[in-house]
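A closer look at the structure
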Amino acid sequence: DMTTKNPDPKAILTDAHAIEDRVYSAVESSGKNSQISVFRYNGSCPTLNSIWKGKIKGTLYQGWSGFGANVVQTAIKVFNKESVAPVIENPAYVIDKKAMEQVQAGTFQPQDPTLTVSINEAISGTCP
């Protein structure tokens, strides 16, 4: 509907991988895939793989596995009666194909091991 009812959409933001695939297919079949960019947030492995393959333009990578590790590490500190920061921030990154190439080359800043693993899994197609 968006590609036919709106005269000139520049981008479509999706919130689920299944929707992302359908939106990309609709944009591609409309012949407007060079004019309309498809984005998704969350940065799941299938989404990163879609970016690598050129299906969508980018995502907001939220690094949920890194978030889980932070939660566990904080819980252990609290259990051991160690001090913890009052606010713990989980990094998020805007990732497009160029950023993925930078992660692979080791030039993306800041370097985040969770992001590197996610990018490598997505590129190799070995999504968990």
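The structure we're discussing is the one just above.
Below is a summary of the structure that appears in this document.

Rules behind the numbers
- Residues numbered from 1 in each chain as written.
- Predicted model: local features only at pLDDT ≥ 70, side-chain atom pairs only at ≥ 80, totals over all residues.
- Heavy atoms only, no water.
- Helix = DSSP H or I, 4+ residues; strand = E, 2+ residues; numbered from the N terminus.
- Rg over C-alpha atoms; globule rule 2.2 N^0.38 Å.
- Buried < 20%, exposed > 50% of the residue type's maximum accessible area, 1.4 Å probe, protein only.
- Contact = heavy atoms within 4.5 Å.
- Areas by Shrake-Rupley, 256 points an atom, 1.4 Å probe, with all protein chains shown as cover.
- Core = buried A, V, L, I, M, F, W, Y, C linked by side-chain atoms within 4.5 Å.
- Pairing = 2+ DSSP bridges.
- Axes fitted to C-alpha atoms, helices over the stretch in contact; angles between N-to-C directions.
- Left-handed = near helix turned anticlockwise from the far one by under 90°.
- Nonpolar A, V, L, I, M, F, W, Y, C, P; charged D, E, K, R; others polar.

Notes on the overall build of the chain
From N to C terminus, the chain includes six helices and four strands. Going from the N terminus to the C terminus, the chain shows its helices and strands as α-β-α-β-α-β-α-β-α-α. Relative to the globule expectation of 14 Å for 128 residues, the C-alpha radius of gyration of the chain, 18 Å, shows a markedly less compact shape. Overall, the C-alpha framework of the chain stretches about 60 × 30 × 25 Å when taken along its three principal axes. Burial status across the chain gives 29% buried among its 128 residues. Considering only intrachain contacts with a sequence separation of at least 6, the fraction spanning at least 24 residues in the chain is 54%. Total accessible area computed for the chain in this model is approximately 8100 Å², and 56% of it derives from carbon and sulfur atoms.

Focus: the nonpolar core
Here is a general trend for soluble globular proteins: nonpolar side chains tend to be buried in one another's company. With 19 residues, the main nonpolar core has Leu48, Ile95, Met100, Phe108, Leu115 and Ile119 as its most contacted residues. At the level of elements, α2 (17–30), α3 (45–52), β4 (93–96), α5 (97–105) and α6 (113–124) are the ones that each hand at least two residues to this core. Sequence-distant contacts of leucine 115, defined by excluding residues within four places in its chain, comprise Tyr61, Tyr93, Ile95, Val103 and Phe108.

Notes on unusual backbone geometry
Cis geometry is adopted by the peptide bond preceding proline 110, which originates at glutamine 109 and carries an omega value of -5 degrees. Here proline 110 is to be found in the loop between α5 and α6. The residue lysine 81 is not glycine, and still its phi comes out positive at about 60 degrees. Within the secondary structure layout, lysine 81 lies in the loop between α4 (64–79) and β4. Take lysine 81: its relative accessible area is 76%, and that puts it in the exposed class.

Overview of the sheet that holds β4
Pairing within the open sheet is mixed, and its four strands lie in the order β1-β2-β3-β4. The open sheet is flanked by β1 (11–14) and β4, the only strands paired with a single partner. Neighbour-to-neighbour, the strand axes of the sheet open up by a mean angle of 20 degrees, direction not taken into account. Of the strand pairs in this sheet, strand β3 (residues 58–61) and β4 are connected by four bridges, and their pairing is antiparallel. Note that in β4 the partner of glycine 58 across the bridge is aspartate 96.

A word on the packing of α3 against α6
Between α3 and α6, the shortest axis-to-axis distance is 8 Å and the interhelical angle comes to 65 degrees. Here the hand of the crossing between α3 and α6 comes out right-handed. Contacts between α3 and α6 pair Cys45, Leu48, Asn49 and Trp52 from the former with Ser118, Ile119, Glu121, Ala122 and Ile123 from the latter. Here the contact of α3 with α6 is composed, by residue class, of six nonpolar, two polar and one charged.

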